[in-house]
Amino acid sequence: MTELKMQVNLGGLLMKNPVATASGTYGFGLEYKDYIDISQLGAIVGKGTTLLPKAGNAPPRMAETPAGMLNSVGLENPGLEAVIRDVLPKLRPYDVPLVMNISGNTAEEYGEMAARLTGVAGVAALEVNISCPNVKMGGLAFGTDPRAAALVTETVRKNTSLPVIVKLSPNVGDIAGIAKSVEAAGATAISLINTILGMAIDIRAQKPLLANIMGGLSGPAVKPVALRMVWQVAQAVKIPLMGIGGISIWQDAVEFLLAGASAVQVGTANFVDPQTPLSVLRGIEDYLRENGYSDIKQIIGLARSAT
Ligand code: SIN
């Protein structure tokens, strides 16, 4: 069998293959270690972490939708120091890079977290979350304004030598404009998309289903929107992209790669089947072999050159 080259360099994050797990759907990987060999993953993106512990929003904060789900978790997490102390050492035995997903209330807070995480064993990159729709401060407020997005990116960049992957929100009119401003501010890669703002109403109780009223939509329902945004951003910037949004089968991942993503993240599908990232990976490998490719890089952005 032909030896395939599956390695990708995502703006300084070296991945042995292009399939990662998305933030908020995989804990820090340890929750899944009894179900899959997490060392086979290209990377694990950890649950969104904030400087101080956060209880998250009141329940109910999850709702199923046709071909997807809404969440309004609100970045529940034990805080940066607890993650560094209690979680990261347990990941050390596994041969998989961890990307820390960070959120802050202010640009300074993002900077402080970036500085604290730099040099911490096992942390391979930062994913800067400027796109959480479920918190009042920070999050989406940074991701929908090109100047605020640039300020956060620049502050993180100044405070770390780690690769800086900025996670974009789809809840904007001009995704390419935001992408260009984070690239100019020093992002080494971009991941997109985070969830799309949505809601559901309980018709018996005649009130919104989520206590927070609105939440983020994810799952197969968002894939065409995510793919369109990856396509647009791939034409706007030079830094590498990680495609996220409804990837459930290998064919979805191949679409994102052909659109110009150098890597992908599997998210909501993990709740249905924890094996999904590895079956997606195997499917990409078979697709490469069946079509006569020897290196994953040969298909990145291929659909763009066909237009
Ligand atoms: C959440 O915890 O509310 C989800 C995180 C995100 O959408 O960035």
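The coordinates are above.
I will try to describe carefully the structure that is included in this document.

Rules behind the numbers
Residues numbered from 1 in each chain as written. Predicted model: local features only at pLDDT ≥ 70, side-chain atom pairs only at ≥ 80, totals over all residues. Heavy atoms only, no water. 1 Å grid on protein atoms, 1.4 Å probe; cavity = no way out; pocket = protein on both sides within 12 Å on 5 of 7 lines; lining within 4 Å. Points joined across faces, edges and corners; volume = space filled by probe spheres on them. Helix = DSSP H or I, 4+ residues; strand = E, 2+ residues; numbered from the N terminus. Nonpolar A, V, L, I, M, F, W, Y, C, P; charged D, E, K, R; others polar. Core = buried A, V, L, I, M, F, W, Y, C linked by side-chain atoms within 4.5 Å. Buried < 20%, exposed > 50% of the residue type's maximum accessible area, 1.4 Å probe, protein only. Contact = heavy atoms within 4.5 Å. Near = heavy atom within 4 Å. Polar contact = N/O pair within 3.5 Å; in protein donor to acceptor, adjacent residues only side chain to side chain. Areas by Shrake-Rupley, 256 points an atom, 1.4 Å probe, with all protein chains shown as cover. Pairing = 2+ DSSP bridges. Axes fitted to C-alpha atoms, helices over the stretch in contact; angles between N-to-C directions. Left-handed = near helix turned anticlockwise from the far one by under 90°. Salt bridge = Lys/Arg side-chain N within 4 Å of Asp/Glu carboxyl O. Parallel < 35°, antiparallel > 145°, perpendicular 65-115°, else oblique.

**Re the layout of surface pockets**
Working step 1: Considering only enclosed or pocket space, the largest pocket measures out at about 670 Å³ in volume.
Working step 2: Listed by contribution, the elements that provide at least two residues to the lining of the largest pocket are strand 6 (68-71) and strand 14 (214-218).
Working step 3: Per-class residue counts for the lining of the largest pocket are 15 nonpolar, 19 polar and 3 charged.
Working step 4: Considered as a void within the structure, the second largest pocket measures approximately 200 Å³ in volume.
Working step 5: K54, G56, N57, G74, P133, N134, V135, K136, L197, N212 and M214 are the residues that line the second largest pocket.
Working step 6: Within the lining of the second largest pocket, the residues separate by chemical class into 4 nonpolar, 5 polar and 2 charged.

**As for the nonpolar core**
Working step 1: In terms of nonpolar packing, the biggest core is built from 91 residues, with M100, I130, L168, I190, L192 and I284 touching the most fellow members.
Working step 2: Dropping the residues within four chain positions of it, M100 is found in contact with F28, T49, L80, V83, L88, L117, V123, A125, L126 and E127.

**Digging into the site of the ligand**
Working step 1: Around the ligand lies a shell formed by K47, N71, V73, G74, L75, N129, C132, P133, N134 and N194.
Working step 2: Between the ligand and N129, the relevant distance is 2.8 Å, taken from an oxygen atom to a side-chain nitrogen or oxygen of the residue.
Working step 3: In isolation the ligand offers 260 Å² of accessible surface; the protein chains occlude 90% of this area.
Working step 4: Residues that form the shell around the ligand fall into these classes: 4 nonpolar, 5 polar and 1 charged.

**So, the sheet that holds strand 9 (residues 164-167)**
Working step 1: Taken together, the 8 strands give a closed barrel; going around it, the order is 3-4-7-8-9-10-15-16, and neighbouring strands pair in parallel fashion. Neighbouring strand axes in the sheet, compared pairwise and without regard to direction, differ in orientation by 25° on average.
Working step 2: Where strand 3 (residues 19-21) and strand 4 (residues 43-45) come together, 2 bridges link them in parallel fashion. From the neighbouring strand, A20 faces strand 4, where its bridge partner is A43.

**Examining the sheet that holds strand 5 (residues 62-65)**
Working step 1: Across the sheet, 4 strands lie side by side as 5-6-14-11; this open sheet has antiparallel pairing. The sheet is open, and its two borders are formed by strand 5 and strand 11 (196-199), each paired with just one other strand. Each strand of the sheet is rotated relative to its neighbour by a mean of 40°, with strand direction disregarded.
Working step 2: As judged from the 4 bridges shared by strand 5 and strand 6, these two strands associate in the antiparallel manner. Bridged to T65 within strand 6 is G68.

**Concerning helix 7 (residues 250-259)**
Working step 1: In terms of burial, helix 7 is a largely internal element, 7 of the 10 residues being buried.
Working step 2: For helix 7, the secondary structure elements touched by its buried residues are helix 6 (223-236), strand 15 (241-244), strand 16 (263-266), helix 9 (276-290) and helix 10 (302-305).
Working step 3: Phi turns positive one or two residues past the end of helix 7, at G260, with a value near 125°.

**Notes on the packing of helix 7 against helix 9**
Working step 1: Between helix 7 and helix 9, the least distance of the axes is 8 Å, while the angle of their chain directions is 60°. Between helix 7 and helix 9 the crossing geometry is right-handed. Side by side, helix 7 and helix 9 meet where W250, A253, V254, L257 and L258 of the first sit next to S279, V280, G283, I284 and Y287 of the second.
Working step 2: In the contact of helix 7 with helix 9, the residues fall into 8 nonpolar, 2 polar and no charged.

**Some remarks on the pattern of salt bridges**
Working step 1: Overall, the coordinates contain 11 salt bridges when judged by the stated rule.
Working step 2: Measuring nitrogen to oxygen at the nearest pair gives 2.5 Å for the salt bridge that ties E255 to K223. One end of the pair, E255, is in helix 7; the other, K223, is in helix 6, with 32 residues separating them in the sequence.
Working step 3: For E255, a relative accessible area of 33% translates into the label partly exposed.
Working step 4: Under the relative-accessibility criterion, K223 is labelled buried at 14%.
Working step 5: The shortest N-O distance in the salt bridge between R289 and D286 comes to 3.8 Å. Highlighted residues: R289 and D286, both in helix 9, separated by 3 residues, approximately one helical turn.
Working step 6: We classify R289 as partly exposed; its relative accessible area is 29%.
Working step 7: Here the salt bridges share partners, and the residues they tie into one network are K223, D252 and E255.

**Structural notes on the packing of helix 1 (residues 80-91) against helix 2 (residues 107-117)**
Working step 1: Contact pair helix 1 / helix 2: the axes reach a minimum separation of 11 Å and the direction vectors enclose 20°. When the axis of helix 1 is compared with that of helix 2, the two are roughly parallel. Of the two elements, helix 1 crosses helix 2, and the hand of that crossing is right-handed. Across the interface between the two elements, L80, E81 and I84 of helix 1 pack against M113, R116 and L117 of helix 2.
Working step 2: When the residues that make up the contact of helix 1 with helix 2 are grouped by side-chain class, the tally is 4 nonpolar, no polar and 2 charged.

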